[in-house]
Amino acid sequence: MTPTIRRVACLVALAVGGALATAADPPSAEQIAGWIDTLGSPQFSQREAATRSLIEAGPAALGPLREAIDSGDLEVSSRAIEIARTMLASDDQEVATAAEQFLDGVAGNADASVAGLAEATLDFHAVGLADAARVALQGLGMKLVRGMLATGQQGMHATFDTGWRGTSDDLRLLLRLPGLLIVSVHGVPVDDKGLAVIGRLRRAARIELYGTGLDEPQVEALAEKLPDTRIELRKGGKLGVAGHPNAVPCHITMVQPGSAAEKAGLQVGDIVAKVADKPIRNFEELTTEIGLHGP
């Protein structure tokens, strides 16, 4: 390589290196303000370029964009919401969270058309998250039933049993399922992480924890977090009988062959009055009390 060519190559390398270093620097407040002003440009190409630049700027652009929305320019407002929608789909959780908070704020805008656009963006995103969460959970072995549930409400019932192959971190996807009313965990150990996720299911009407390894103090703490949710704890004990849940007194209507109940001499028609000196009024109380004991 001749000296002249070598000098040119070095200059090109320095120029490219300098451009890359500049591109990596965060945009200044003046740059962001300039791009926002350009969102209202009569030139489509300029509006598009400004939009891309603001998306690349990330959460730093959201505050100024919120102020721009209040100016009342519908073109700027719609562009700002589109920028936030793109950020909402980011794999960077910090960026996505900032965009969601931005749209939540815009949804309260005095301009009904702007507020409606922000709400529609959030709703569409929530539907996408819910579908992805459902597919992921079912792929890990969760069983999901939709329709009229035992609570008398329309909604979802999610069951995790011995076919569940996920982790406590995967349980976080439950928080993305709208209409989740009943969660049943049967024979799956629940650790502190999993319990923390369950404690955030504030819209659940019923949570069944059967053979999860949780104890009474943990469930009592859970009940304090979810005062409007019915929580059932069973440690795995099973008597082997059936009865009408709410009929008083507690009549035995079936005894399973080979069960502990049959071995103990229980018969159809018997009435259970107490378990370990605790009065029993109906079959539901019987199963609850038996479930507090191990197998």
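As the structure is a prediction and not an experimental result, all values here were calculated from the model. Each chain carries its own residue numbering, running from 1 in the written order of its sequence. Where local features are concerned, this predicted model is filtered to residues with pLDDT of at least 70; where side-chain atom pairs are given and counted, the filter is 80 or more; whole-chain, interface and lining totals use all residues. Calculated side-chain values reflect all of the structure's heavy atoms, with hydrogen atoms and water omitted.

(A) Just the pairing of strand E1 (residues 143–148), in detail. The criterion for strand pairing is that DSSP finds at least two bridges linking the strands in question. Per the convention used, a helix needs a DSSP run of H or I reaching at least four residues, while a strand needs a run of E reaching at least two, with both numbered from the N terminus. With six bridges connecting them, E1 and strand E2 (residues 154–160) associate as antiparallel partners. Counterpart to Gly 147 in the pairing with E2 is Gly 155.

(B) Representation of the side chain of Ser 41 in the model. The residue Ser 41 is located in the loop between helix H2 (29–38) and helix H3 (44–57) in this model. Each residue is placed in one exposure class: buried if its accessible area under a 1.4 Å probe, protein chains only, is under 20% of its type's maximum, exposed if it is over 50%, and partly exposed if it falls in between. By relative accessible area, which is 10% here, Ser 41 ends up buried. Separated by 2.7 Å, the side chains of Ser 41 and Gln 46 make a polar contact. Residue contacts are counted whenever heavy atoms from the two residues lie within 4.5 Å of one another. In this structure, Ser 41 is in contact with Gln 46 and Arg 47, ignoring residues within four places of it in sequence. We call two N or O atoms a polar contact when they sit within 3.5 Å, provided that within protein one can donate a hydrogen and the other can accept it, with sequence-adjacent residues counted only if both atoms are side-chain atoms.

(C) Structural view of the sheet that holds strand E4 (residues 206–210). Ordered in space as E1-E2-E3-E4-E5, the five strands form an open sheet in which the pairing is mixed. The sheet terminates laterally at E1 and strand E5 (230–234), the two strands that pair on one side only. Each strand axis lies, on average, 10° off the axis of its neighbour in the sheet, ignoring direction. Pairing between strand E3 (residues 180–186) and E4: five bridges, direction parallel. Bridging from a neighbouring strand, Ile 182 pairs with Arg 206 of E4. Axis lines are fitted to C-alpha atoms, over the contacting stretch for helices. Their N-to-C directions set the angle, which ranges from 0 to 180 degrees.

(D) How the structure looks around the packing of H2 against H3. Direction vectors running N to C along H2 and H3 enclose 140°, while the axes themselves pass 8 Å from each other. Between H2 and H3 lies a crossing of left-handed hand. For the pair H2 and H3, the contacting residues are Ile 32, Trp 35, Ile 36 and Thr 38 in the first and Gln 46, Arg 47, Ala 50, Ser 53, Leu 54 and Ala 57 in the second. Gly counts as polar in this scheme, as do all residues outside two lists: the nonpolar Ala, Val, Leu, Ile, Met, Phe, Trp, Tyr, Cys and Pro, and the charged Asp, Glu, Lys and Arg. Grouping the constituent residues of the contact of H2 with H3 by class yields six nonpolar, three polar and one charged. Handedness of each helix crossing follows the sense of rotation of the near helix against the far helix: counterclockwise by less than a right angle gives left-handed, clockwise gives right-handed.

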